[in-house]
Amino acid sequence: MTDPSPPPDAADIMTVVHEAIGGIALEPAEKREIWRFTQRELPYLWSQRTSYFILGSYRDPYIRRLRAVQNELTKQLGAYPFIMGDLLELPTDRLNTFDVMFLLLATYTDYIVGVFEKESGGEAPELGEIDDPPYFRKSYVFPRDYLWVTDTNLKSKQHVIQAALEIAFADDLSEDEVQSKIESLVDRAQDSGLDIDEQKIRSVIEDRVDDRAEPATYSWVHLNKFRKFELHDRCFPWTTEDELRTAVDKLPSPTPRPEWETSE
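This section reports on the structure supplied with the text. Just so it is clear, the model here is predicted, and its values are computed rather than measured.

## Here we look at the overall build of the protein
Part 1: For the protein, the count of helices and strands is ten helices and four strands.
Part 2: Its helices and strands taken in sequence order, the protein reads α-α-β-α-β-α-β-α-β-α-α-α-α-α from the N to the C terminus.
Part 3: Taken along the three principal axes of its C-alpha coordinates, the protein extends 70 × 40 × 30 Å.
Part 4: Looking at the protein as a whole, 48% of its 264 residues are labelled buried.
Part 5: Of the contacts formed within the protein by residues at least 6 apart in sequence, a portion of 78% connects residues at least 24 apart.

## Details of the nonpolar core
Part 1: Counting 44 residues, the largest nonpolar core has Val 17, Phe 53, Leu 105 and Ile 130 as its most contacted members.
Part 2: Counting residues per element, the ones that place at least two in this core are α1 (10–21), α2 (28–46), β1 (50–55), β2 (79–83), α4 (97–108), β3 (111–116), α5 (123–130) and α9 (220–231).
Part 3: In terms of residues, this core owes the most to one element, α4, which gives eight residues.
Part 4: In this structure, Val 17 is in contact with Leu 26, Ile 34, Val 100 and Leu 104, ignoring residues within four places of it in sequence.
Part 5: In terms of nonpolar packing, the next biggest core, distinct from the first, is built from 19 residues, Ile 63, Val 115, Phe 236 and Trp 238 among them.

## Considerations on the sheet that holds strand β4 (residues 139–143)
Part 1: Overall, parallel pairing links the four strands, which are arranged β2-β1-β3-β4 in an open sheet. The outermost strands of the open sheet, each flanked by one partner alone, are β2 and β4. The average angle at which neighbouring strand axes cross in this sheet is 20°, direction not considered.
Part 2: Here β3 pairs with β4 via five bridges, running parallel. If you follow Val 115 over to β4, its bridge partner there is Phe 142.

## Looking at α5
Part 1: For α5, the complete set of buried residues consists of Glu 123, Glu 126, Leu 127 and Ile 130. For α5, the angular spread of the buried residues around the axis is 105°, confining them to a single face.
Part 2: Turning to α5, the residues buried within the fold contact β1, α4, β3, β4 and α9.

## Side note on a negative patch on the surface
Part 1: The grouping of Asp 171, Asp 172, Glu 175, Asp 176, Glu 177 and Glu 214 at the surface amounts to a negative patch.
Part 2: By secondary structure assignment, the location of Glu 175 is in helix α7 (residues 175–191).

## Focus on α4
Part 1: Here α4 contains twelve residues, and its C-alpha end-to-end distance of 17 Å stays within 8% of the 16 Å for a straight helix at 1.5 Å per residue.
Part 2: Across the twelve residues of α4, nine count as buried, placing the element largely inside the fold.
Part 3: Considered for burial, the residues of α4 that qualify are Thr 97, Val 100, Met 101, Phe 102, Leu 103, Leu 104, Leu 105, Ala 106 and Tyr 108.
Part 4: Next to the buried residues of α4 lie α1, α2, β1, β2, β3 and α5.

## Here we look at the side chain of Thr 38
Part 1: Mapped onto the elements, Thr 38 comes out in helix α2.
Part 2: Judged by its relative accessible area of 1%, Thr 38 falls in the buried class.
Part 3: Of the polar contacts made by the side chain of Thr 38, one reaches the backbone oxygen of Trp 35; its length is 2.8 Å.

## Concerning the packing of aromatic side chains
Part 1: All chains considered together, the criterion is met by 14 aromatic pairs.
Part 2: Where Tyr 80 meets Phe 82, the ring centres are 5.3 Å apart and the plane angle is 20°; that geometry is what we call stacked. Across the pair, Phe 82 and Tyr 80 agree in class, each one buried.
Part 3: Plain terms: the ring middles of Tyr 218 and Phe 226 are 5.1 Å apart, the flat faces sit at 90° to each other, and that makes the pair edge-to-face.
Part 4: The class of Tyr 218 is buried, set by a relative accessible area of 12%.
Part 5: Residue Phe 226 is classed as buried on the basis of its relative accessible area of 0%.
Part 6: By way of ring pairs, the aromatic residues Tyr 44, Phe 53, Tyr 80, Phe 82, Phe 98 and Phe 102 are connected into one cluster.
Part 7: The aromatic ring of Tyr 62 is capped on one face by Lys 118, whose charged end is 5.1 Å from the ring centroid.

## Concerning the environment of Pro 215
Part 1: Inspection of the secondary structure puts Pro 215 in the loop between α8 (198–210) and α9.
Part 2: Note on Pro 215: relative accessible area 16%, which makes it buried.
Part 3: Taking C-alpha positions, Pro 215 is 40 Å from Thr 38, a pair spaced 177 residues apart along the chain.
Part 4: In this structure Pro 215 touches Asp 145, Gln 162, Leu 165, Glu 166, Phe 169 and Arg 208, once residues within four positions along its chain are discounted.

Quick notes on the rules
Along each chain, the written sequence defines residue order, and numbers are assigned to residues from 1. Predicted model: local features are reported for residues with pLDDT of at least 70 only, side-chain atom pairs are reported and counted for 80 or more only, and whole-chain, interface and lining totals are derived from all residues. Note that water and hydrogens are dropped before the side-chain values are worked out from all heavy atoms of the structure. Runs of H or I in DSSP of at least four residues are treated as helices and runs of E of at least two as strands, each being numbered from the N terminus. Classification of residues uses two cut-offs on accessible area relative to the type maximum, computed with a 1.4 Å probe and protein chains only: under 20% is buried, over 50% is exposed, and between them is partly exposed. For this analysis, residues touch if any pair of their heavy atoms sits within 4.5 Å. By nonpolar core we mean a set of buried residues, namely Ala, Val, Leu, Ile, Met, Phe, Trp, Tyr and Cys, connected to one another through side-chain atoms within 4.5 Å. Here, a strand pair is defined by DSSP locating no fewer than two bridges between the strands. Lines fitted to C-alpha atoms define the axes here, with helix axes fitted over just the stretch in contact, and angles between the N-to-C directions of these axes take values from 0 to 180 degrees. Throughout, the arc means the angular range of directions from the helix axis out to the C-beta atoms. Patch definition: residues above 30% relative accessible area lacking any salt bridge, with like charges linked at up to 9 Å and the nonpolar side chains Val, Leu, Ile, Met, Phe, Trp and Tyr linked at up to 5 Å. Only the protein chains shown count as covering a residue, and every accessible area follows the Shrake-Rupley method with a 1.4 Å probe. Salt bridges, as used here, are contacts in which a Lys or Arg side-chain nitrogen is within 4 Å of a carboxyl oxygen on Asp or Glu. Asp and Glu are treated as the negative residues and Lys and Arg as the positive ones, with His and the ends of the chain left uncounted. Charge placement uses NZ in Lys and CZ in Arg. For Asp and Glu, CG and CD serve respectively. Each residue after the first adds 1.5 Å to the expected span of a helix. What qualifies as a polar contact is a pair of N or O atoms within 3.5 Å, subject to a donor-acceptor requirement within protein and to the restriction that residues adjacent in sequence count only when both atoms come from side chains. Each aromatic pair joins two rings of Phe, Tyr and Trp (for Trp, the six-membered one) with centres within 6.5 Å, and gets the label stacked for planes under 30 degrees apart, edge-to-face for over 60, and tilted for any other angle. Placement of a positive charge over a ring is assigned whenever Lys NZ or Arg CZ falls within 6 Å of the ring centre and within 35 degrees of the normal to the ring plane.

Here is the structure:
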């Protein structure tokens, strides 16, 4: 196999790589694998298509939601949505290859899309990476069941669903008590002026109970990071997969080019 040669912007790429590995010297074989990775994967990000780097858990059932986002974006002409787990790996035993791949992809992609359903796993440090420069300006988050902690009133359908899920999964309530509390909750929401479909609320609850998908919980750190995105109109909570698919439409479309390319 012919050894790959450095690309024209090799210096910029190596700046990113050295940031990922802490500035240690690379061995010749490691450089060759990095050039092979960049020649295989980065041209898709340099093309005229708009790229979307999708983050989240690769474990089942969470990976299904990443695929749902990827499928929705694929429907848009000119979009290139990808998941890092599908790409060529860096076969080196010595380097922290995840960091190298992640920073290269995050640097050269147009948009970063994080899908969150829990506070543990590989997606937790990914959230810590994208909420700061230089990646924050191109990143969007989709946290399941997220509500900012001060949102205690029934202000939206999302508030009602979240409250209903907490009632449905409460360990100390009987079925009759759950039903009574949810009916009361819906009545209060309707009295406050919300256009709430009780059957829709019950359908969401039944689906979550059948899947044993308890309401997602997040640490104070996670909630604060989601809040930061929310304040910048780049946080889109969801409850069901259908809601997640619909929320994908809120992402920037493949055209025009992203504002972060020309912003200070």
